[in-house]
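# Structure at a glance
Spelled out from the first residue to the last, the chains are:
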Amino acid sequence: MSVGQNIPHDSSRGHVTGGSVFIDDRPLMQGEVQVLPIGVPAAAGILKSIDYTEALKAPGVLAVFTAKDLYHNSWGTIVAEQPILVADKIGYYDEPALLLVGTDMEALLRAKKFVRFEVEKAPAIFTIDEAIAQQSFIYKANAFKVGDAAAALNKAPHRLQGAFECGGQEHFYLESQACIAYPMEDGQMEIHASSQHPTETQHVVAEALGLSLHEVVCVVKRMGGGFGGKESQAAPFAAMAALVAQKMKRPARLCLSKDDDMMMTGKRHPFKNYYEVGFDDDGRILALKAHLYADGGAYADLSSSILDRAMFHVDGAYYLADAFIEGSVVRTNLYSNTAFRGFGGPQGTMTIESIIEDIALYLKKDALEIRELNCYQKDVRNVTHYGQHLGHNPLPDLFAELKKTSDYEQRRREIDAFNASSKTHVKGLSMTATKFGIAFTARFLNQGNASVNVHKDGTVQVSTGATEMGQGVNTKVQQVVAHAFGIPATSVKVMATSTEKNHNTSPTAASSGSDINCAAALKAADGIKKRLAWLFQNILAQTPMNDIAECPPLNEDLLHFDEFHFEDETITHSPSGKTLRWAEAIQQAYFNRMSLGEYAHFKTEGLGFDKKTSQGTPFKYFTNGVAVSEVQVDVLTGEYKVLRSDILMDLGRRINPGIDRGQVTGAFVQGMGWVTSEKLFHNKDGKLLSHSPTTYKIPNVQDTPRVFNIEFIENHENRENVHRSKAVGEPPFLLGISVWTALKDAANAKSKGLISTLKSPATPEDMLMELSRHE
Amino acid sequence: MADSKIRNEIHVFINGVEHRIGGEKAFLPLAQYLRTHSLPGTKVVCAEGDCGACTVLASKLKQTSAAAVEWTSFQTINSCIAPMYLFDMGSLVTVEGLSEQEELNEVQDQMRAFHGGQCGYCTPGMVCALSSLAESSHCSGKNISEKKARNHLTGNLCRCTGYEPILQAATHLDLSKWKPLKDKYLTASQAQGFAVRLNDSLMIEAGSRRFSAPASFTVAVDQKNQSPETRLVAGATDLGVLHNKGKVFLDNAMSLHKIADTEKIDIRADGVWVGARVTLTQLENFVANTLPELSRLLRIFASPQIKNQGTLVGNVMNGSPIGDSIPALLALEARVHLQSVTGLREVPLSQFYKAYKVFDVKPNEIATGVLIPVLGTEWKSRFFKVSLRKDLDISAVTFAAALKLDGTRISEARFAMGGVGPTVVRLPELEKAAQGQKFSEALFADLGKQVRSLIKPISDLRASHEYRLKVAENLFKKCHLELEQEIPCP
């Protein structure tokens, strides 16, 4: 019974001993070179020329490559418009334009200063409002329409309008973008990359080098964190390394420094969402009109899908009877923003959570009251603004339960009393929710494949398209396969992901890695189980198996598969109670020349969404949760602490409770970082100045909630997914928003009616400035 | 003790194996040396000592008397910014040295059990940091509290777990199972082997690079006089960063760590003497009772790893306009000692900082220590640091106030601020305004209003001009609110 057990991560032994191998830990090969990409010193304009003659003469520099060395110089997951190396038009400051190559990184760093760029600068766009004014757009979505928002707004007793703004976020995976390209015989290329999407990495490398796809293999053992940042953007760096490897016929290692990684790669999309909301005296939302603007940065990347997801999640956990939601991605001269845990979902949901705080202040009510009133219900008010029925909806129960277990009402009274008396501090309390749609909204991505190989000693190797970035997908696959065969988890190893074993795979993203790949692995395991059951059925039927005769091939019509159970390293035939040991079955199957390997393809059924009408079923199911956070703000400096956070989630039947719990704590703290201390700062030329942990502040161990309670409800009803589990990667990220709404609640406590202008992130500076509006 | 010699290589134990390192390799950052010598478990992420992924444990052999030597207890350091040459006569333990073959140590076991690692990239550093905590705590027989664990892990960033699983692991350590690292890596026989070489001085040259660690001040000032471009390196917590980022290449460096006197910290008639090699950790502990407010400030000054390497003198000589210790030192009227071939100069810190990164120091002078006068009981002080993140952050504004009180009347006031101009400043106008006044809310509200016109903060990525002004004003109010508790109202 491996599924449901809290076993350690399959790499945990390597992690705690330093034995786990990451890209830059791979031993140097004979002749291997280092690659240092160098970015352009301008955000917009034309790169006229690069003078690298002096750099090439510097000690330790072996070669230089630029755009003209590439066979094909554009890539892009959705729109192929982004250069791998700047050829002429510049997209953003520090965009890679040149590769310095040598055997010693320090020598390359010393030589870097000799590279001269000649740039004809052009005016640049750095903000969403500037982009709107100049009509600089990457994508405009079809509006989502439900009911008649304009009419409902007109009739609404109360209206508020405004713009909600949230900033970008650096992924800050600890392992920066990293890859090594090994040139192989016959012009082939083997890439070892820190990539969430080996298939796309393979494709981008092949195109860049003028190779066919079957000449490139991409291998991913593990990543030191990904969070979406290595979904699309691992690929161009792999292409750079591969270019060097191809031209020099030497292995080429490209491991970005943290500074270069932060300056060169895209981040979470900042959004500015203009809205108008209508509501009644109780706070019931009657109409929402909104236009979501996402800052895509310089190139399309995944921005259109990210905007779509923001629009899908602008309802949060709340029913919208009449809504009109528009969306646009603007083009600016900043790094190309990309996938990041939540993928637009947080930016959509945070908008409505912010609006609800405003409604509460306006109506002089507790915001939780407004949330409960608007929360999706079980039997009515349970269809989203894009027409998807919520199905089994635990949201009302989650709100009710957490309100009770977190002592919400009592604490609210205490906080009110504290705020009335304290001269030095003000406290805030807020509960928010996550209702995260599970599936890629691009339907074709909802497929995967797996191969399961049983070896002669009964141990098993599994390969899937999933990539391991710490989230424990390999451990879940291991558990699901071990469970299927009834063998210990230690008898199953999940192997490095490689495009030569699993091809045409989707990125490990959209929280779907475990859903898709566990399901594919289970399907493959079932294929082997059927043959073993057939073997055992024939043994029981005394079918001759000897030097003359062997077990006949599987005939599914004659197989009584449900009579065979795989448990405790034994196959049991239930009707007779007869057993066959796992090891014996494997031996027998081998000598009867039966396949002990299986490949399976899996696709998520039941998805369909009409982009023209913006109605349909884009998601397989929803993962839900609620969180309540309490903060305390120093009114003299704006500095604050999170005193307590309580989380309650519905993750169905968890395949590994410990791993899922870690996803929840990690996502929450990452979400809270996004809305509090993680501020991106650029100079007037558009160069990112906060490009290392000295200047860009992710939460540290002192910032997390002083009291942190994490609980789960029991839910055995998610028949939509493997082992009735639920996806967990992204949904809890949105619960970090409760820290921001609590900060907003704290500032609102000092408001004499003035509606908040707080943006995200709310740094101590922002808090002090917001509080000073109420003086 | 044998005669001291000049060596051109360093001798250091790494996981119990002696390494002799000379030439180019002695100039590598420790992390890079490890990673290129089959010890890739130590990770480099930020290369600036801010994330702790490169944390390793370090001890060094010390002369405790003419005939005796002793290992210092293991402390965590950031190996990414520390040049190899600083570790002569040291013993280092990396993540690879924590377990015996298949047998994990207690920290590793609990980190696995509680899912303390996800992606695994911060994990080696976390495991090293927690192992040093276990090493220093196992004798107490008590479990590690969550607070203690947090304080110890302040310098280790994790992006996956939200820290909660790591804190669970830390608080569930069964310290009775801890096998002390010192029994394996800080043995008497290892000490004995090193003892005869302990007082050797170092002179390592490789190409155009040179590093020296003289064994006496006489030699040190002489070398500095001959080549004034030599950079003095203490913990390298700033210079190591500049080197890694290609801003300053530490091609000609000198360390004073071979001069025993530089490690001295003691109370003298005129104050606390802090030698050039005294780390911030040592200072924080030493002044806990004599200068409690300074000790409190040092708690949030930096991560344990940085404080274990960095020195007060290094902070003073780096002279950042937001240098966290400097406003406090100004309010305490500390003095820096500068030694050269021509003799010793004592310069009050209030006169030391001339302009942005311009100090009253001659090219041939070496800072040998800082003298911090101790405040009498009639003094009250408050030192504040305001930053985007409370811990492990560089401040936006720093503030220091020291008030001499005669009942409720202020007989002398000293105010200093950082982050409000090109250098840290004393505020004589406000000191004069406060002198002779009654300690009151109105006075401090007024001082806060006045300070706005006396400082010229800039807007940068840490804070805006407006915020710094507002905080400067409010810190006077905060100072009053906090000291109000300590000063009895008549």
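Our subject is the structure listed above.
Residues numbered from 1 in each chain as written. Chains lettered and ligands numbered in written order. Predicted model: local features only at pLDDT ≥ 70, side-chain atom pairs only at ≥ 80, totals over all residues.

On to the overall build of chain B. Helix and strand counts for chain B come out as 18 helices and 22 strands. Computed over the C-alpha atoms, the radius of gyration of chain B is 23 Å, within 12% of the 23 Å expected from 2.2 N^0.38 for a compact globule of 490 residues. Residues counted as buried form 55% of the 490 residues belonging to chain B. Pairs at least 24 apart in sequence give 68% of the contacts found in chain B among residues at least 6 apart. (Helix = DSSP H or I, 4+ residues; strand = E, 2+ residues; numbered from the N terminus. Rg over C-alpha atoms; globule rule 2.2 N^0.38 Å. Buried ≥ 20, exposed ≤ 12 C-beta atoms within 10 Å, placed from the backbone. Contact = placed C-beta atoms within 7 Å.)

Let us now look at the sheet that holds strand β23 (residues 570-573) of chain A. All names here are of chain A. The 3 strands are arranged β22-β23-β24 in an open sheet whose pairing can be described as antiparallel. Since the sheet does not close on itself, it has two edges, and those belong to β22 (564-567) and β24 (578-581), each with one partner. Across the sheet, the mean angle from the axis of one strand to that of its neighbour is 25 degrees, orientation sign disregarded. Where β23 and β24 come together, 4 bridges link them in antiparallel fashion. What sits directly across from Thr572, in β24, is Thr579. With respect to the sheet, helix α15 (residues 513-540) is in contact with β22, β23 and β24, its orientation differing from that of β23 by roughly 55 degrees. Sitting on the sheet, helix α16 (residues 582-591) is in contact with β23 and β24, with an inclination near 75 degrees to β24. (Pairing = 2+ DSSP bridges. Axes fitted to C-alpha atoms, helices over the stretch in contact; angles between N-to-C directions.)

Quick look at the interface of chain A and chain B now. Of the residues lining the interface, 65 residues belong to chain A; the matching set on chain B comes to 59 residues. Counting residues per element, the ones that place at least two in the side of chain A that touches chain B are α1 (12-17), α3 (105-112), α8 (258-264), α17 (657-675) and α19 (764-773) of chain A. A total of 8 residues in the side of chain A that touches chain B trace back to one element, the largest contributor, which is α17 of chain A. Here the residues of the side of chain A that touches chain B sort into 22 nonpolar, 31 polar and 12 charged. (Nonpolar A, V, L, I, M, F, W, Y, C, P; charged D, E, K, R; others polar.)

Right, let's get into the sheet that holds strand β12 (residues 265-268) of chain B. Residues and elements named next belong to chain B. With antiparallel pairing, the 5 strands of this open sheet are ordered in space as β12-β13-β18-β14-β15. Every other strand in the sheet has two partners, leaving β12 and β15 (343-348) as the edge strands with one partner each. Pairs of neighbouring strands in the sheet enclose a mean axial angle of 25 degrees, with direction left out of account. In terms of strand pairing, strand β13 (residues 271-275) meets strand β18 (residues 366-372) through 4 bridges, oriented antiparallel. Within β18, the position partnered with Gly275 by the bridge is Gly369.

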